[in-house]
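# Fold and contact review
Each chain is listed here by its residues.
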Amino acid sequence: MSIAQNLAAINERMAQAARAAGRDPAEVALLAVSKTKPAEAVNQALAVGQCLFGENYVQEAAQKIPQVNEGALWHFIGHLQSNKAKKAAGLFDVIQTVDRAKLAKALSRHCSEQGKTLTILLQVSLAGETQKSGCPPEQAPELARLCAGLPGLRLAGLMTMPPFFDQPEKVRPYFAQLRRLAAKLAPDLPAGSMAQLSMGMSGDFEAAIAEGATLVRVGSAVFGPRS
Ligand SMILES: *Cc1c(COP(=O)(O)O)cnc(C)c1O
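Right, let's walk through the structure included here. Predicted, not measured: the structure shown is a model, and the values here were computed from it.

Attention now moves to the overall build of the protein chain. When helices and strands are counted, the protein chain shows nine helices and eight strands. Against the 2.2 N^0.38 benchmark of 17 Å for 227 residues, the protein chain shows a C-alpha radius of gyration of 17 Å, consistent with a compact globule. Each principal axis of the C-alpha atoms in the protein chain carries an extent, and together these give about 45 × 40 × 30 Å. When each of the 227 residues of the protein chain is scored for burial, the buried share is 53%. Sequence-distant contacts in the protein chain: of pairs separated by 6 or more residues, those separated by 24 or more amount to 58%. Element-wise, carbon and sulfur atoms account for 52% of the exposed surface of the protein chain, whose accessible area totals about 10300 Å². Averaging the positions of the 24 positive and the 19 negative side-chain charges in the protein chain gives two centres separated by 5 Å.

What follows is the structure, encoded as structure tokens:
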């Protein structure tokens, strides 16, 4: 199947999952994850109306983004080292993986210097896997308050990458947990700070939509398997 056909099929499945959950399909956006794929593949997706793209590596994105046509919006979804914050702040529209104060402060400083407002999501690690990136849920309230107050940043929600990402029914409780965490944090934050829930990938985006995802991150189902 072509990228255009894959996108049409995924958009249809997303709309069905939203309707099945009693949600408006317009509430859920598709982030096409283009890591390891060439700019040409991104341009094919862009040509059929896909505008949001996700990348995991700053270096790869720095090469790819200039080769992509006008109209794409870029989300960073990989682990971000603080020493790459400046470059990432210049390249991306959204950083989904803010998981510690040091990184938030570095992004804030660089955005202020560049006169830019960067939309960020907090990456939360729900399974207590300490080696993984993502802040533990217990630390999320403090990090969210910090980010909401930093110049140059606009906090827009939460992101998670659960374990067992190949078994949709096992990950569903984690998606529910992220939704509950956002609901718990929202009252103490500026309006809109918890509007977005980035969760769900190729294997489990329908389960994520059933649990309230507003942004699903789909790579291989759009662009084909990664080598
Ligand atoms: C690679 C990646 C995805 C997409 O994964 P697929 O299974 O190919 O859909 C989504 N989110 C993150 C954080 C990723 O690194």
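Let us now look at the packing of aromatic side chains. Per the stated rule, a full pass over the model turns up two aromatic pairs. Ring centres of Phe53 and Trp74 lie 5.6 Å apart, and the angle between their planes is 35°; this geometry places the pair in the tilted category. Of this pair, Phe53 sits in strand 2 (residues 52-55) while Trp74 sits in strand 3 (residues 73-76), and the two are 21 residues apart along the sequence. Here Trp74 falls in the buried class, since its relative accessible area comes to 3%. Aromatic side chains Phe76 and Phe92 sit 5.2 Å apart centroid to centroid with 75° between the ring planes, which places their arrangement in the edge-to-face category. You can see Phe76 sitting in strand 3 and its partner Phe92 sitting in the loop between helix 4 (85-91) and strand 4 (94-98), a full 16 residues away along the chain.

The full set close to the ligand counts 13 residues, and Lys35, Asn56, Ser202, Gly219 and Ser220 are the nearest of them. Take Lys35: an N or O atom from its side chain is 2.7 Å from an oxygen atom of the ligand. Interatomic distance of 2.8 Å between a backbone N/O atom of Ser220 and an oxygen atom of the ligand. Contact with the protein chains removes 92% of the 390 Å² of surface that the ligand exposes when unbound. In terms of residue class, the shell around the ligand is built from six nonpolar, four polar and three charged.

All of the buried residues in helix 2 (residues 39-47) are Ala39, Ala41, Val42, Asn43, Ala45 and Leu46. Buried-residue contacts for helix 2 involve helix 1 (3-20), strand 2, helix 3 (58-64), strand 3 and helix 9 (220-223). Backbone geometry just downstream of helix 2 places Gly49 in the positive-phi region, at approximately 100°.

For the structure on display, the rule yields eight salt bridges. Measuring nitrogen to oxygen at the nearest pair gives 3.1 Å for the salt bridge that ties Arg23 to Glu27. One continuous salt-bridge network, built from bridges that share partners, spans Glu55, Glu60 and Lys64.

The rules behind each value
- Residues numbered from 1 in each chain as written.
- Predicted model: local features only at pLDDT ≥ 70, side-chain atom pairs only at ≥ 80, totals over all residues.
- Heavy atoms only, no water.
- Helix = DSSP H or I, 4+ residues; strand = E, 2+ residues; numbered from the N terminus.
- Rg over C-alpha atoms; globule rule 2.2 N^0.38 Å.
- Buried < 20%, exposed > 50% of the residue type's maximum accessible area, 1.4 Å probe, protein only.
- Contact = heavy atoms within 4.5 Å.
- Areas by Shrake-Rupley, 256 points an atom, 1.4 Å probe, with all protein chains shown as cover.
- Lys, Arg positive; Asp, Glu negative; His and termini not counted.
- Charge placed at Lys NZ, Arg CZ, Asp CG, Glu CD.
- Phe/Tyr/Trp six-rings, centres within 6.5 Å; stacked < 30°, edge-to-face > 60°.
- Near = heavy atom within 4 Å.
- Polar contact = N/O pair within 3.5 Å; in protein donor to acceptor, adjacent residues only side chain to side chain.
- Nonpolar A, V, L, I, M, F, W, Y, C, P; charged D, E, K, R; others polar.
- Salt bridge = Lys/Arg side-chain N within 4 Å of Asp/Glu carboxyl O.

It is worth stressing that arrangement in space is one thing and function is another; only the former is reported here.
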